Amino acid sequence: MALAPAHYPFLYVFCRFLMSPKLAGNMPLSGRFWLVVCYLTIVFLLGGSARDDIATLVILRPLAIAAIAYALVVITTDNIRQFPVQLGLFLVLILLVTLHLLPLPPSVWQSLPHRELIFQIDVAAGIDPQWRPLSIAPERTWNAFYALLVPLSVMLLVCSLKREERFIMLPVIICLGALSGILGLAQIGGGPQSPLYYYRISNTDSAIGFLANRNHQGVFLATLFPMLAVYASLEDRGGTSRKLRTIASLAMAVILIPLILVTGSRAGLVFGAIGLLSIPFLYRAPRSETVKRRSADNRVSLILIVAAAASALLLVLAGLIFSRAEALERLLGGVDADFRWEIWQPSMQIAMQYFPTGSGIGTFVEAFQRDEPVATLAPTYVNHAHNDWLELLLTGGIPSVILAAIAAWVWLHTSVRVWVSKIDSREISYARMASVILVILAGSSFVDYPLRTPLLGCVLAIVTLWMRPASLFRTTRQSFAKSGNTVSKS
């Protein structure tokens, strides 16, 4: 029997508390903000699967196109100037996918690596030379193009919000994450046949919440740990009790541990521990006015470090003790038992055959099936490399790797600056949190494909916007200006 929401009174109250408009101080929240919240909720409800044949895409993708059109109308030049790198990288990614769809002359595409079989089929069938795109399966690349529209729409909409409203997107995501955890508990309470598993292909033996894959749910819940640490650190604005937020966030973090365990996800287990260990580095104690209080804050920080380490250890040990230890059993079961290792080696070989242009964004299934080794043949097909970085090399070639390297450099450069910065501001705290979340999302992409789900793609889009602290860059510009004036005077 499915568990009713009444069984989770704390999570219900916590979600309502998180959404308190007092977080914005005395500033009223705009209608656009609530529109973005409603749209993001729809994305979470309908965008939990990475498959291209789920029925909810019929609703979600047209909505994304409408949302992009609306965002382009309301967004201002100042909004765009605040996030040039994030928007620029995203547009370059869309341009790369578009280039993979442009028809090429026969002499050009025949010279592309590993296209000989297609040419031989044309000759055997008596088909005259035709213009073809770089992609070996254009319909798959078109699907990749449309898939990018959902996170793009969220990025543009959040860009168009006021500065304070972008900050309040943090409790919105935490609230949606809590609801996903509630749904996951109800799912396992209702059994594998529960109607709450609303995706046709999903892990019906796990608490997957809004998502269709246990690993994706586990990774999503893992990102909530750093979010809760920063949320608990926010200064009082408009009368909201910081102590109450801290208690609620701590309780939610404790509840997340069993929620991750019941997903049965190894990725959730590993990256959940990373999220836990980040808490003492992200949580900021209240500003102290006396030495005595500063000493007390230092003791609190030490306690947080010990508690986070103990909680991370508890996350592992609990899996050994309780019945839902599937995640830990699969983690300790050895790499030989994991089908991923049987996929990665031939995937790398296939990637080298299509190097340096790639087979076309989104065409992994067709590229792998063409050269699939006998050892991996099965009644089911391999849908992804289960290593998005490897799949990116295979399908996107060198251009996609260069784009990913640029994004990684931007992350590293910004992360170093925000972590060494002495500025104590909310923007810096959000940027540090974003750097940790990006580590979790990028790290989990080495063993799965979480960012191919619209839900986590949109989380990534919002997190990247938090990664640019205006106060840090403003201070840097001011210091450059001062140094320039000094030089000119001398």
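A quick note: this is a predicted structure, and the numbers were derived from the prediction, not measured.

Calculation rules
- Residues numbered from 1 in each chain as written.
- Predicted model: local features only at pLDDT ≥ 70, side-chain atom pairs only at ≥ 80, totals over all residues.
- Heavy atoms only, no water.
- Helix = DSSP H or I, 4+ residues; strand = E, 2+ residues; numbered from the N terminus.
- Buried < 20%, exposed > 50% of the residue type's maximum accessible area, 1.4 Å probe, protein only.
- Areas by Shrake-Rupley, 256 points an atom, 1.4 Å probe, with all protein chains shown as cover.
- Expected span 1.5 Å × (residues − 1).
- Contact = heavy atoms within 4.5 Å.
- 1 Å grid on protein atoms, 1.4 Å probe; cavity = no way out; pocket = protein on both sides within 12 Å on 5 of 7 lines; lining within 4 Å.
- Points joined across faces, edges and corners; volume = space filled by probe spheres on them.
- Nonpolar A, V, L, I, M, F, W, Y, C, P; charged D, E, K, R; others polar.
- Salt bridge = Lys/Arg side-chain N within 4 Å of Asp/Glu carboxyl O.
- Phe/Tyr/Trp six-rings, centres within 6.5 Å; stacked < 30°, edge-to-face > 60°.
- Lys NZ or Arg CZ within 6 Å of the ring centre and 35° of its normal.
- Core = buried A, V, L, I, M, F, W, Y, C linked by side-chain atoms within 4.5 Å.
- pLDDT = per-residue confidence, 0-100.
- Patch = residues over 30% accessible without salt bridge, like charges linked within 9 Å, V, L, I, M, F, W, Y side chains within 5 Å.
- Axes fitted to C-alpha atoms, helices over the stretch in contact; angles between N-to-C directions.
- Parallel < 35°, antiparallel > 145°, perpendicular 65-115°, else oblique.
- Left-handed = near helix turned anticlockwise from the far one by under 90°.

Enquirer: Mind showing me how you'd approach the overall build of the protein chain here?
Expert: Counting its secondary structure elements, the protein chain contains 20 helices and zero strands. For the protein chain, with 490 residues in total, the buried portion stands at 51%. For the protein chain, the exposed area adds up to about 22700 Å²; of that, 69% sits on carbon and sulfur atoms.

Enquirer: Can you walk me through helix α2 (residues 31-46) in this structure?
Expert: The α-helix winds at 3.6 residues per turn, so residues separated by three or four positions along the chain end up facing the same way. The end-to-end C-alpha distance of α2 is 23 Å, a good match for the 22 Å that 16 residues give at a rise of 1.5 Å each. What α2 keeps buried is the set F33, V36, V37, Y39, L40, V43, F44 and L46. Residues of α2 that are buried in the fold lie against α3 (57-74), α8 (138-159), α9 (163-190), α10 (214-233) and α19 (454-466).

Enquirer: Explain the layout of surface pockets here, please?
Expert: Gaps between atoms show up when a probe of the same size as a water molecule is rolled over them. Quantified by volume, the second largest pocket comes out at close to 680 Å³. Forming the boundary of the second largest pocket are 26 residues, of which N203, N213, N383, H386 and Y449 lie nearest the centre. Looking at side-chain class alone, the lining of the second largest pocket contains nine nonpolar, eleven polar and six charged residues.

Enquirer: How should the pattern of salt bridges be read in this particular structure?
Expert: Side-chain pairing between opposite charges can occur once the charged atoms of the two side chains come close. All told, the structure shown has 14 salt bridges when counted by the stated rule. R132 is paired through a salt bridge with D122; the nearest N and O atoms lie 2.7 Å apart. Of this pair, R132 sits in the loop between α7 (116-125) and α8 while D122 sits in helix α7; the two residues are ten residues apart in sequence, bridging distant segments of the chain. Residue classification places R132 among the partly exposed residues on the basis of a relative accessible area of 23%. Assessed through its relative accessible area of 7%, D122 is described here as buried.

Enquirer: Explain the packing of aromatic side chains here, please?
Expert: For any pair of aromatic rings, the description consists of the separation of the ring centres together with the inter-plane angle of the planes. Within this structure, the stated rule accounts for eleven aromatic pairs. Measuring from centroid to centroid gives 5.1 Å for F33 and W34, while their planes differ by 75°, and the two rings are edge-to-face. Pairing W142 with F145 gives two aromatic rings, centres 5.8 Å apart and planes at 80°, and the pair type is edge-to-face. One end of the pair is W142 and the other is F145, both in helix α8 and three residues apart, which spans about a single turn. Each member of the aromatic cluster is reached from another via a ring pair, and the members are W142, F145 and Y146. Residue placement shows R245 over the ring face of Y231; its charged tip is 5.8 Å from the ring centre.

Enquirer: What am I meant to see in the environment of L148 here?
Expert: Assignment of secondary structure puts L148 in helix α8. Each C-alpha atom of the pair L148 and V97 lies 9.6 Å from the other, and the pair is 51 residues apart in sequence. For L148, the contacting residues outside a window of four places in its chain are F90, L93, I94 and V97.

Enquirer: What should I look at first to understand the nonpolar core in this one?
Expert: A general tendency of soluble globular proteins is for nonpolar side chains to be buried together. By size, the foremost hydrophobic cluster in this structure holds 95 residues, and its most contacted members are L40, M169, L170, F220, M227, M433 and W466. At twelve residues, the largest contribution of residues to this core is made by α8. Apart from the residues lying within four places of it in its own chain, the contact partners of W466 are R166, M169, L170, I173, Y430, A431, M433 and A434.

Enquirer: Please explain the confidence of the model for the protein chain as it appears in this structure.
Expert: When pLDDT drops low, the exact placement of atoms in the prediction is not to be read closely. Residue-level pLDDT values for the protein chain average 83, and 78% of them are 70 or greater. A low-confidence stretch, residues 288-294 (pLDDT under 50), is modelled with four contacts involving residues beyond four sequence positions or located in other chains. Below a pLDDT of 50 lies the segment residues 319-325, which in the model reaches eleven contacts outside its immediate sequence neighbourhood of four places, other chains included.

Enquirer: Is there a simple way to think about a nonpolar patch on the surface in this case?
Expert: Together, M348, M352, F355, I398, I402 and I406 make up a nonpolar patch on the protein surface, roughly 500 Å² of accessible area in all. When residues of the nonpolar patch are traced back to their parent elements, those giving at least two are α15 (339-354) and α17 (388-420). Of the residues forming the nonpolar patch, the biggest block, three residues, is contributed by α17. Note on placement: I406 falls in helix α17. When its relative accessible area of 41% is taken as the criterion, I406 is described as partly exposed.

Enquirer: Quick question: what am I supposed to make of the packing of α2 against α8 here?
Expert: The relative placement of two packed helices is expressed as an angle between their axes plus a distance between the axes. For the pair α2 and α8, interaxial distance at closest approach is 11 Å and the crossing angle is 160°. When the interaxial angle is binned, α2 and α8 end up roughly antiparallel. Every pair of crossing elements has a handedness; the one defined by α2 and α8 is left-handed. Only V150, S153, V154, L157 and V158 of α8 make contact with α2, whose side of the interface consists of V36, Y39, L40 and V43. Among the residues making up the contact of α2 with α8, the classes are represented as eight nonpolar, one polar and no charged.

Enquirer: Explain empty space enclosed by the protein here, please?
Expert: Taken as a whole, this structure holds one cavity of 30 Å³ or more when the rule is applied. Its volume calculated, the largest cavity comes out at about 30 Å³. Within the lining of the largest cavity, the residues separate by chemical class into seven nonpolar, three polar and no charged.

Enquirer: Help me out: how do you make sense of unusual backbone geometry in this one?
Expert: Leave glycine aside and you will find that most residues have negative phi; peptide bonds, for their part, are mostly trans. Residue F355 is joined to P356 through a cis peptide bond whose omega torsion reads 10°. Counting through the fold element by element, P356 comes out in the loop between α15 and α16 (364-370). Despite not being glycine, H114 has its phi angle at roughly 65°, a positive value. Tracing the backbone through its elements, the reader meets H114 in the loop between α6 (106-109) and α7. On the accessibility criterion, H114 (13% relative accessible area) is buried.

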